[in-house]
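# Architecture and fold: a report
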Amino acid sequence: VLPSGIVYLDGNSLGPLAVGVTERLRRTVGEEWGTVLGPAWGSCGWMEAPERVGDRIARLIGARPGEVLVADTTSIALAKLVGAALAARPERHLVLSSEDNFPSDLFAIAGAARLAGAELRVVKRSELAGALDGEVALVCLTHVDFRTGELYDIAAVTAAARAAGSLALFDLCHSAGAVPVGLEEHGVDLAVGCTYKYLNGGPGSPSFLYVRGELQGDLENPLPGWLGHREPFGFDLSFEPADGIGRFRTSTPPVVALAALDAALDAFEGVTIEQVRAKSMSLGQLFVEVVEDAGVDGLEVASPVDPERRGSHVALRHPRSEEIVAGAAARGVIGDFRAPDLARFGLSPLYLSFEEVYTAAEVVVSTARALAA
Ligand SMILES: Cc1ncc(COP(=O)(O)O)c(C=O)c1O
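The following paragraphs examine the structure supplied in this document.

## Here's the deal with the packing of helix α1 (residues 21–36) against helix α9 (residues 255–264)
- For the pair α1 and α9, the least separation of the axes is 9 Å and the interaxial angle reads 145 degrees. Between α1 and α9 lies a crossing whose hand is right-handed. Mapping the contact onto sequence places V21, R24, L25, T28 and V29 in α1 and V255, V256, A259, A260, D262, A263 and A264 in α9.
- Residues of the contact of α1 with α9, tallied by class, amount to nine nonpolar, one polar and two charged.

Spelled out as structure tokens, the structure:
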């Protein structure tokens, strides 16, 4: 549901409202909450929604049913899984990450590590392999770089982590709904991601967390809560974790937000993530070619030009990127600015046409050219 007259290239930050979400919210709020009230926890499927919606996301990230839970926010989910991984490797005291990780992830990882009596070591990406020693319990990386869109090799990192006896965790915020991740295929241990970017779940929609099926029984939720208990309504004083992914629940599911996300995911029905990826790569190529062909002084493609090595957004570098983003927005092309000098343009394949992306790239180029003149 996009306003006419704009080309929305900010879906890598906040996905737009999807058709069907408003009606679903009217039902969830007006009918279920409004008339069924408390019994709706059972009769309207509210209580099981975190696993049910998780299974819908699982298909898009190459996980199996029962491996994905929708709960919390990315940072909280990340902290929980870091705590769980450290407790599962008690003889090791380091979490390894890279300088290009999302800064908030580094804050959450460091905080969770401190609580577990461990610490975070941050290295350059090129130094990761050399830093993977017997002290590292967990390697934590972001799959797609939020600045440049660079797509990292999840298979290689997971294999290296395994060879070193550590676990591997990926942040899939910029992958889910845009890039095939292949969690099962690559044997990835743990993952988290938000649902408000390419999955279009809405502002502040809950995150998802993934725990490889074989690991679930060995990991403990470091923030246990009643809804991760085997018998949430037994009100027993001792904590007995539920079987499966449900043990990573802490609190009451955010029912209204889950309903919005569930309805938004309908847009992915009948489409494979490989089809989504194929269109995303073509859209990206088109955008990059228009920019490169224009040859505007000072404007360069900051993302990898090889589409295989790029996620679903293209970043341009220019000393006056903030003005380029503002100028393009004034002409109906919505992207975003990331300090100090990047303009990012998200190419979300479910709702963008080639014509729109071509037009948008021309607007960006002419805005940059006008600045230089
Ligand atoms: C890569 C990445 N990780 C983590 C987050 C933080 O997510 P949350 O606000 O849900 O904790 C974001 C938010 O945009 C992100 O882009």
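## Here's the deal with the site of the ligand
- Contacts to the ligand come from T73, T74, S75, F102, D105, D171, C173, H174, Y196 and K197.
- Take S75: an N or O atom from its side chain is 2.5 Å from an oxygen atom of the ligand.
- For the ligand, a nitrogen atom lies 2.6 Å from a polar atom in the side chain of D171.
- Protein burial of the ligand: of its 400 Å² of free accessible surface, 82% is covered by the chains.
- Residues of the shell around the ligand, tallied by class, amount to three nonpolar, four polar and three charged.

## Quick notes on the pairing of strand β6 (residues 167–171)
- The element β6 is largely enclosed, with a buried count of five among its five residues.
- Of the two faces of β6, the one holding L167, L169 and D171 and the one holding A168 and F170 are both buried throughout.
- Looking at chain direction, strand β5 (residues 136–142) and β6 are connected through five bridges and run parallel. In the sheet register, C140 faces β6, and the bridge partner there is L169.
- The β-α-β motif built from β5, the intervening helix α7 (residues 154–163) and the parallel element β6 has right-handed crossover chirality.
- With three bridges joining them, β6 and strand β7 (residues 190–193) adopt parallel strand pairing. From the neighbouring strand, F170 faces β7, where its bridge partner is A191.

## Thoughts on α9
- Judged by how many residues are buried, α9 sits mostly within the fold: eight of ten residues are covered.
- What α9 keeps buried is the set V255, L258, A259, A260, L261, D262, A263 and A264.

## Some words on the nonpolar core
- In this structure, I57, I61, L172, L183 and F208 are the most contacted members of the largest nonpolar core, which totals 38 residues.
- A total of six residues in this core trace back to one element, the largest contributor, which is helix α3 (residues 49–61).
- Not counting residues within four places of it along the chain, the set of residues in contact with L183 comprises I61, G62, A63, L172, V188, A191 and Y210.
- Among the nonpolar cores identified, the runner-up in size contains 30 residues, and A118, L120, L169 and V192 belong to it.

## Regarding the environment of R212
- With respect to the helices and strands, the residue R212 is situated in the loop between β8 (208–211) and α9.
- A residue is classified by how much of its surface remains accessible, and R212, at 16% relative accessible area, is buried.
- For the pair R212 and I245, spaced 33 residues apart in sequence, the C-alpha to C-alpha distance is 9.0 Å.
- Excluding residues within four positions of it along the chain, R212 makes contact with R64, E67, R162, G187, V188 and D189.

## Some remarks on the environment of A63
- By the element assignment, A63 lies in the loop between α3 and β2 (68–70).
- The spacing of A63 and G270 is 207 residues in sequence and 18 Å in space, taken between C-alpha atoms.

## A few points about helix α12 (residues 354–372)
- Helix length check: α12 (19 residues) gives 27 Å between terminal C-alpha atoms against 27 Å at 1.5 Å per residue, within 8%.
- When we look at burial in α12, the residues that qualify are V357, A360, A361, V363, V364, V365, T367 and A368.
- Residues of α12 that are buried in the fold lie against β1 (7–8), α10 (273–294), β10 (313–317), α11 (321–330), β11 (333–334) and β13 (342–346).

Calculation notes
Every chain is numbered on its own, with residues counted from 1 as its sequence reads. Given that this is a predicted model, residues contribute local features only at a pLDDT of at least 70 and side-chain atom pairs are listed and counted only at 80 or more, while totals for whole chains, interfaces and linings are drawn from all residues. Derived side-chain values reflect all non-hydrogen atoms in the structure, with water molecules and hydrogen atoms excluded from consideration. Axis lines are fitted to C-alpha atoms, over the contacting stretch for helices. Their N-to-C directions set the angle, which ranges from 0 to 180 degrees. A run of DSSP states H or I qualifies as a helix once it reaches four residues; a run of E qualifies as a strand once it reaches two. Both are numbered from the N-terminal end. Handedness of a crossing is defined here by the sense of rotation of the near helix relative to the far one, left-handed for an anticlockwise turn of less than a right angle and right-handed for a clockwise turn. What makes two residues a contact is simply this: any of their non-hydrogen atoms within 4.5 Å. Under the scheme applied, nonpolar residues are Ala, Val, Leu, Ile, Met, Phe, Trp, Tyr, Cys and Pro; charged residues are Asp, Glu, Lys and Arg; polar residues are all the others, including Gly. Any residue with a heavy atom lying within 4 Å of a molecule or strand is counted as near it. By the criterion applied in these results, polar contacts are pairs of N or O atoms within 3.5 Å in which, for protein atoms, one can donate a hydrogen and the other can accept it, and in which residues neighboring in sequence qualify only through two side-chain atoms. Computed by Shrake-Rupley with a 1.4 Å probe, the accessible areas treat only the displayed protein chains as cover when residues are assessed. Buried residues are those whose accessible area, probed at 1.4 Å on protein chains only, stays under 20% of the maximum for their type, while exposed residues exceed 50% and partly exposed ones sit between those limits. Strand pairing is defined by DSSP finding a minimum of two bridges between the two strands. Here the term right-handed applies to a crossover when the path leading from its first strand over the helix to its second strand runs clockwise, the strands being oriented away from the viewer. The term nonpolar core refers to a set of buried residues drawn from Ala, Val, Leu, Ile, Met, Phe, Trp, Tyr and Cys, joined through side-chain atoms within 4.5 Å. One less than the residue count of a helix, multiplied by 1.5 Å, gives the span that helix is expected to have.

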